[in-house]
Structures are given as structure tokens and as C-alpha cells.
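# Architecture and fold: a report
Below, each chain spelled out in residue letters.
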Amino acid sequence: MRSISIFGATGSIGEQTVDLLERAGGADSYRVVALTGGRNVTRLAEMARALRAEVAVCAEASELPELRERLAGSGIEAAAGPEAIAEAADRPADWVMSSIVGAAGLAPGFRALRHGATLALANKESLVTAGPLLMAEAARHGARILPVDSEHSAIFQALVGEDIAAVERIILTASGGALRNWPLEALAKATVKEALAHPNWAMGQRITIDSASMFNKALEVIETREFFGVAPDQVEVIIHPESLIHSMVGYRDGAVMAHMGAPDMRHSIGYALNWPDRAHLPVARLDLAQIATLTFRAPDLERYPALRLAREVMARRGLSGAAFNAAKEVALDHFLAGGIGFMQMAEVVERVLAALDGELSRDIGQMTLEDVQAMDHLARVRAGEIAGVVAGAR
Ligand code: NAD
Ligand code: MG
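Quick look at the structure, then. Just so we're clear, the structure is a prediction, and the values are computed from it rather than from any experiment.

### What to know about the site of ligand 1
- Taken together, 23 residues are adjacent to ligand 1, and Thr 10, Ser 12, Ile 13, Gly 38 and Glu 125 come closest.
- Here an oxygen atom of ligand 1 and a backbone polar atom of Val 101 are 3.5 Å apart.
- Taking Ala 122, its main chain carries an N or O atom lying 3.4 Å from an oxygen atom of ligand 1.
- In isolation ligand 1 offers 820 Å² of accessible surface; the protein chains occlude 82% of this area.
- Elements that contribute at least two residues to the shell around ligand 1 include exactly helix H1 (12–23) and helix H6 (124–140).

### Focus on the nonpolar core
- Counting residues in hydrophobic clusters, the biggest one holds 130 residues, and the most contacted among them are Leu 35, Leu 67, Met 97, Phe 324, Phe 342, Met 345 and Val 348.
- For this core, the element with the most residues is helix H15 (residues 320–336), which contributes 9 residues.
- In this structure, Phe 324 is in contact with Phe 215, Ala 218, Leu 219, Ile 222, Ala 306, Leu 309, Ala 310, Val 313, Val 349 and Leu 353, ignoring residues within four places of it in sequence.

### Observations regarding the coordination of the magnesium ion (ligand 2)
- Surrounding the magnesium ion (ligand 2) are the protein donor atoms Asp 149 (OD), Glu 151 (OE) and Glu 220 (OE), which sit 2.1 to 2.2 Å from the metal.
- Given a relative accessible area of 1%, Glu 220 falls into the buried group.

### Thoughts on unusual backbone geometry
- Backbone torsion omega between Trp 275 and Pro 276 reads 0°, so that peptide bond is classified as cis.
- Its location among the elements puts Pro 276 in the loop between helix H12 (265–274) and helix H13 (288–291).
- The phi dihedral of Arg 52 is positive, around 50°, even though this residue is not glycine.
- By the element assignment, Arg 52 lies in the loop between helix H2 (41–51) and strand E3 (55–58).
- One non-glycine residue, Ala 292, lies in the positive phi region at around 65°.
- Within the element layout of this structure, Ala 292 appears in the loop between H13 and helix H14 (305–316).

### Examining the packing of aromatic side chains
- The full count for this structure, using the stated rule, is 5 aromatic pairs.
- Centroid distance Phe 156 to Phe 227: 6.5 Å. Interplanar angle 55°. Geometry classified as tilted. On the criterion of sequence distance, the pair formed by Phe 156 in helix H7 (residues 150–158) and Phe 227 in helix H11 (residues 215–228) is long-range, its members being 71 residues apart. The residues Phe 156 and Phe 227 share a single accessibility class, namely buried.
- Here Phe 335 and Phe 342 contribute two aromatic rings whose centre-to-centre distance is 5.7 Å and whose plane-to-plane angle is 65°, an arrangement assigned as edge-to-face. With respect to class, Phe 335 is no different from Phe 342; both count as buried.

### Focus on the sheet that holds strand E8 (residues 167–174)
- The strand order across the open sheet formed by 4 strands is E9-E8-E10-E11, and the pairing between neighbours is mixed. The sheet is open, and its two borders are formed by strand E9 (235–239) and strand E11 (256–260), each paired with just one other strand. With direction set aside, neighbouring strand axes in the sheet form an average angle of 20°.
- In this structure, strand E10 (residues 245–251) lies alongside E11, joined through 5 bridges in antiparallel fashion. Looking at the pairing, Gly 250 lines up with Val 256 of E11.
- Docked against the sheet, H11 engages E8 and E9, running at close to 150° with respect to E8.

### Some remarks on the sheet that holds strand E7 (residues 145–147)
- Spatially, E4-E3-E2-E1-E5-E6-E7 is the arrangement adopted by the 7 strands of the open sheet, whose pairing is parallel. The strands lining the two open edges of the sheet, one partner per strand, are strand E4 (77–80) and E7. Neighbour-to-neighbour, the strand axes of this sheet turn through a mean angle of 20°, independent of strand direction.
- Along the sheet, H1 makes contact with strand E1 (2–7), strand E2 (30–37) and strand E5 (95–98), crossing E1 at roughly 155°.

### As for the pairing of E10
- Burial runs high along E10: 7 of the 7 residues are buried.
- Hairpin remark: E10 followed by E11, antiparallel, with 4 residues in the connecting loop; positive phi at Gly 254, about 95°.

What counts and what doesn't
Here the residue numbers are simple positions, counted from 1 along each chain's written sequence. Key to labels: chains lettered from A, ligands numbered from 1, both in the order written. Reporting in this predicted model follows two pLDDT cut-offs: at least 70 for local features of residues, and 80 or more for side-chain atom pairs to be given and counted; totals over whole chains, interfaces and linings ignore these cut-offs and use all residues. The side-chain values count all of the structure's non-hydrogen atoms but skip hydrogen atoms and water molecules. Note on definitions. A residue lies near a molecule or strand when any single heavy atom of the residue is within 4 Å of it. Identification of polar contacts relies on pairs of N or O atoms within 3.5 Å, with a donor-acceptor requirement for protein atoms, meaning one able to donate a hydrogen and the other able to accept it, and with residues adjacent in sequence counted only if both atoms are side-chain atoms. For every accessible area listed, the method is Shrake-Rupley and the probe measures 1.4 Å; residues are considered covered only by the protein chains on display. Note on conventions: DSSP H or I runs of at least 4 residues are helices, E runs of at least 2 residues are strands, and numbering of each starts at the N terminus. Each nonpolar core is a collection of buried residues, namely Ala, Val, Leu, Ile, Met, Phe, Trp, Tyr and Cys, held together in the definition by side-chain atoms within 4.5 Å. The rule is simple: take the accessible area with a 1.4 Å probe, protein chains only, and divide by the maximum for that residue type; under 20% is buried, over 50% is exposed, in between is partly exposed. The contact definition used throughout considers only heavy atoms, calling two residues in contact when any of these lie within 4.5 Å. Only nitrogen, oxygen and sulfur atoms within 2.8 Å of the metal, or 3.2 Å for Na, K and Ca, are treated as donors, and water is left out, so sites may look incomplete. Ring geometry is summarised as follows: Phe, Tyr and Trp rings, the Trp one being its six-membered ring, pair when their centres sit within 6.5 Å, and such pairs are stacked at plane angles under 30 degrees, edge-to-face over 60 and tilted between the two. Paired strands, in this sense, are two strands between which DSSP finds at least two bridges. To define axes, lines are fitted to C-alpha atoms, for helices over the stretch in contact only, and angles between the resulting N-to-C directions are given on a 0 to 180 degree scale.

Here is the structure:
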């Protein structure tokens, strides 16, 4: 029986992973090792019981008594805190879903690769902040990483049986997010609620805002460069409002392979779960006659400064991905809290990159996870200060 762990089980990706496991027979078909969650211990305990997990871990020590109480009599171990989450990743499992949001998802992924697990990677921040390290860790331990982000799953699928050397370009599609039809001048006044009204995908709150600002696409451009090992100028972005083509791979003979499907993350999660097989999945089938038209437009870099910043990060590499991601997370927190405006998120990130300019370059071969974590910390501090200044000047 295949053994499975899910890091971030109570989130949007985690829940959909649990849904697929349950549809495929749950605890009768898989041996579930570890499930981790954040604050929602009620749901964590419920899924741990349903899937008969060996251990359930929540992020906060203060929630541990409640988690214990909810698991009483089940024989399921309970633990709490970042170290307990990382330790849960040391427990061997054949397939590990990395779906914690943010930089907190880094450590468990690295630890799972060390015992050779197949890592289903939803946590794009791992590749953005520590891509070269993560890929090297997988290679060192003969472990495989399977992309879960829909674009990267699409690219991965469009590459099956092909030689990466024959790839000319990779074209990432972007929905454009909730504000894609707003006039540029209006964007500065966009509220959290408005930015959360995503037209196509139902996702976690943070990634939905990142979708409207295209910070999500910026992270994905970097993710593409790191995961597939292509050059930065081989990665393109196109706005495709219907979100039915999940990305494309262009080959040197001019052929473009597009991956299509309903916008449902259970497709890419299910592909990673069943790889290299394809299992029946509960996603809607496309009715192309009904859809009739697909549209595309080039992204306007004035509306989406995050895309421009991603290019800088790719040119720079080293610790700039860690700084970019951390600054983006802090800027997002400030936007969510009402401190800064929608367009000021990019302003904060740009200013953080400029402030840390002298400290971002690193020889990839010499870089360590500790360097990444230190930069993550430093960039958060700087971003907090800069967001305060930007908010004050508003
Ligand atoms: P989410 O916010 O819905 O869930 C995140 C999970 O991580 C939850 O279980 C939460 O409890 C846990 N968590 C949060 N902070 C934590 C911390 N400090 N320590 C431990 N656990 C913590 O997020 P999501 O939308 O499921 O996204 C998860 C990851 O997948 C992100 O990296 C995101 O970019 C990526 N992703 C998501 C989607 C999507 O459709 N939701 C699509 C592509 C990629
Ligand atoms: Mg995506």
C-alpha cells in the first residue's frame, strides 16, 4: 500500500488532495502517515480520523491541547509547532504533498526529499526562494519532484516523451485575476474584497490576491525557470481570461503543445498522485463547441509590475528570490490589513530589493538553506519598515 503525507492538509490544495484520496478509497487504499494543518485543528482532527493518519500536527503549540482532545481514543499521535511539522516530514512516505502556503512550506519539502519521497510540490515558494537547492537535494537522494501548480503540471505534461533541449519557449497562461478589466488608474484604489473576486479559480485567499496583482504569475515564471531549467528569456506570459489552456510548450520546429482542461486543481493534484498513470478524475469535461472561443492578450507591465520584478529576480538569482517572496508576503499582509494600497504591494517589493541590493548575489553552489532563511527573515524586517513608510505617505 502506498504511504502518503500531506503538509498543509487543511488548506485549499490540501482539502482537494484529501478529497481525491477519499474518492480513491481513503484509508483502505493508502497508508496515511502525517497530516499537518495551521490553526483549524477541528478539521485537521476530523481528516486524520477519516484517513486513519499516524500523526496529526498543527502549527501552533497553543492549539495542541485541543488537537489532543479531538484525537483522544483514536490512537493518532498529536504534535505542534514548526519543528514537529519538519519532524513529521522525516517519517518515510512514498508520496508527500507540499501544500503549506509561504516560506513555512520549505523545510518539510527538503526533509521529505531526504528519504527519497516523491514530492508533489504545490508550495511554489520552495522553488522561488531555494530552487537550485531543492532540485539538487532531489537529485542527491534520487527523489522526484512533481509539479502541482496547474501551469507547471501542464508544462510537465506537454513535455512527456520530449527532449527539453528541443524546447524553444514556455508560455505560461494567466487569467489576469479579478481586476483584469479595470482601468489602470482605478487599480490603486482596489479593495481586498474586489481583488478576491477571482473569475475562474477557487483558491486560498493569499494566492487569489496574488493572482489579481500577478505576483502569483511572477512567482510562477521564476518557478518555471528553476524547475525546468530553461533560460529566463524562454519563459513568456500571456493573459488567457478563460483559463482553459493551463500553459504551453513551444518547440524548435514551431509546434506548440497546449494543455487544456477545466480550471480545477484536482486535475494537477490527481495527475501528480497517479503519475505516471492517468486515473479517472472527477473534473468537468470541456465542451469545446459550447466554449467556442479562446482569447489571449499580452500582459501590460505597467499594470503588473510584479512581472517586471520577476525578470530582475531571474537575472540576479542567488538570494533575490528569497527576498522577493518574503517582501511580497509582507506587502500582501499590509494590503490585507488595509495599510497599503493594491499597487503599493509592488512598490514595497521593489524598494526592498533595492535596499538589499548588496546582499542578494550568491554563488548558487555555495548557497545554503540557512542563507535562504536568513534572507527571508531580513527581507521581512525591511519590508515591514518600508510598508510602514509607504502606508504613512498614503
Ligand atoms: P491555503 O491558505 O488554503 O492553505 C495553506 C495550508 O498551510 C493550510 O493547511 C494552513 O493551515 C497551512 N499553513 C499556513 N501557514 C502555516 C504555517 N506557518 N505553518 C504550517 N502550516 C501553515 O493555501 P493554498 O491555496 O492551499 O496554497 C498552498 C500552496 O499551494 C501555496 O504555495 C500556493 O501558492 C500553492 N498553490 C495553490 C493553488 C490553489 O489553487 N489553491 C494553486 C497553485 C498553487
Ligand atoms: Mg498556478
